[in-house]
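Survey of secondary and tertiary structure
So you can see what is in the structure, the chains are spelled out below.
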Amino acid sequence: PGRPRWLLLSQLFQPLSLPVGSEGVWEGRPGEPTCRSQRLMLQGGLIHPASPGCYCYLPPTVRAMEKLIRVMDEEMQALGGQKLNLPSLSSAEPWRASGRWDQMGPELFRLVDRHNHSYCLGPTHEEAVTELVASQSNLSYKQLPLRLYQVTRKFRDEPKPRFGLLRSREFYMKDMYTFDTSEEAARHTYDQVCDAYCRLFSRLGLPFVKVQAATGSIGGTMSHEFQLPADIGEDRLVLCPEGHFAANVETLNGEQTSCPTCGERLTKTKGIEVGHTFFLGTKYSSVANAVFSSRENKPQLAQMGCYGLGVTRILAASIEVLSTEDSIRWPSLIAPYQLCFIPPKRGSKEEEEGVAQLEQAYNHLAKALPHLASDSVLDDRTQLTIGKRLKDANKLGYPYVVIAGKRACEDPPVFEVWNQKAGEVLFLTKEGVTELLSKVQVP
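To start, this report covers the structure provided alongside it. Fair warning: this is a prediction, and the values are worked out from it, not measured in the lab.

Within a regular strand, side chains alternate between the sheet's two faces. Judged by which residues are buried, strand β21 (residues 415-419) turns out to be one-sided: F415, V417 and N419 face inward and are buried, whereas E416 and W418, on the alternate face, are not. Sheet topology places strand β20 (residues 400-403) next to β21; four bridges connect them, and they run antiparallel. Its bridge partner being in β21, V401 is matched across the sheet by W418. Strand direction decides the pairing type here: β21 and strand β22 (residues 424-428), joined by five bridges, are antiparallel. Residue E416 lies in a different strand from β22, and its bridge partner there is F427. Hairpin connection, β21 to β22: the antiparallel pair is bridged by four residues, and G423 has positive phi, about 65 degrees.

In structure tokens form, the structure reads like this:
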């Protein structure tokens, strides 16, 4: 009692349409462009299209997303970040005051309530959070820096949503807003958050680059993007091969071909933007009058920064850059399930003994590593061969697969273990399986 049981694959709501050979590849609606991550996520039962640019996220995707958010929480709270939640529905007034009601154009989802008041569905929350801080009339310099963040659903009326979760109309974002006493302090905060983003992408094992970027509709005086180089990416980047310089080409005046630091020839690549940081100064605090009492007891405008990470975009982009054409590869930290157990085929001579030994291996694991027990799936489709189920497990990207084959009936029983990341197959006892998995991290 109380011990987590493995989840049966037959009971997991993950409607697979995995292709057999080269047939049955999901090509999307007629004329709709697809990319690797979109195709793999649809085939693997991870997302389901609801309307253009809007998707149902199925249970394995929600698990991956919750793990990713836990990693983000760790990094944001290590900076003194405090989590809050702001309304998706934003009144038009603060947006008009900041000038963005008109500036954002048709990408802003706008609506009018029964009292004829105008609202928008928030694509970002600079106005809302600055109004919130401005409403604290007795804010003191002793309470700063303030580092407030949230993970919420955002909306953007994309003219051409495409590539699944890489460019959708509804998406999840982690956005942090910071308030400091001086420009110097705010720049220190900016560097700290950028360092946290670098740590996050390194922990996920993603090949990211931090590039100089335009401030766009959010504004401010300094901005950087965090990009995953990928052919499908919509941003064009130039990079110094020695790592001295990296920029989105939209920030450059004319054609820049050599590094301003070392003179090396810049290389060109495309990237998927997964994070963006902005140094805002007093752009929003001056409009909302977000002030604090200084050491001299004088009202002073807070210096601000804002920092976004695309939660659902990171999921899709990581599948895009890590996967093969027909098999999902997750960052191991956020794989929906770490472990897939495959029992013998129904009716085989190993069936009874193999199932009993697999159960023992699971119980041994559950006792030693309870956090992994609830991160396990049993592929109970025993009408299929072990080979077919192993092929499916490979396509779905479980980091580890444990198989009870012929050798599970030996003395001592030995299991075939596929370690996805290392690309190796091991033959281990139940104690060996637990030992191998003891190093696995689950956020």
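Next comes the rest of the write-up.
The subject of this paragraph is the nonpolar core. Ranked by size, the top nonpolar core spans 52 residues in total, and within it F201 and I314 carry the most contacts. Residues within four places of I314 in sequence aside, it is in contact with L68, M72, F201, L204, L206, V274 and L309. With 23 residues, the next largest nonpolar core counts W6, A373, Y400 and V402 among its residues.

A few words now on the sheet that holds strand β18 (residues 339-342). Strand order in the open sheet made by the six strands is β1-β19-β18-β20-β21-β22, with mixed pairing throughout. Each having just a single partner strand, β1 (7-8) and β22 make up the two edges of the open sheet. Alignment of β1 against strand β19 (residues 376-378), held across two bridges, turns out to be parallel. Pairing of L7 across the sheet is with V377, part of β19. Along the sheet, helix α9 (residues 351-368) makes contact with β18, β19, β20 and β21, crossing β18 at roughly 155 degrees.

Pairing geometry for strand β6 (residues 109-112) and strand β7 (residues 118-121), over four bridges, is antiparallel. Bridge pairing links R110 to C120 in β7. Where β6 folds back onto β7 in an antiparallel hairpin, the turn is made up of five residues, including N116, whose phi is positive at roughly 70 degrees.

A contiguous nonpolar surface patch, about 260 Å² in accessible area, is contributed by W418, V425 and F427. Secondary-structure assignment places V425 in strand β22.

Right, let's get into the environment of N253. Note that N253 resides in the loop between β13 (246-248) and β14 (267-281). Residue class for N253 comes out exposed when judged on its relative accessible area of 78%. For the pair N253 and P336, spaced 83 residues apart in sequence, the C-alpha separation works out to 44 Å.

Rules of the game
Residues numbered from 1 in each chain as written. Predicted model: local features only at pLDDT ≥ 70, side-chain atom pairs only at ≥ 80, totals over all residues. Heavy atoms only, no water. Buried < 20%, exposed > 50% of the residue type's maximum accessible area, 1.4 Å probe, protein only. Helix = DSSP H or I, 4+ residues; strand = E, 2+ residues; numbered from the N terminus. Pairing = 2+ DSSP bridges. Core = buried A, V, L, I, M, F, W, Y, C linked by side-chain atoms within 4.5 Å. Contact = heavy atoms within 4.5 Å. Axes fitted to C-alpha atoms, helices over the stretch in contact; angles between N-to-C directions. Patch = residues over 30% accessible without salt bridge, like charges linked within 9 Å, V, L, I, M, F, W, Y side chains within 5 Å. Areas by Shrake-Rupley, 256 points an atom, 1.4 Å probe, with all protein chains shown as cover. Salt bridge = Lys/Arg side-chain N within 4 Å of Asp/Glu carboxyl O.

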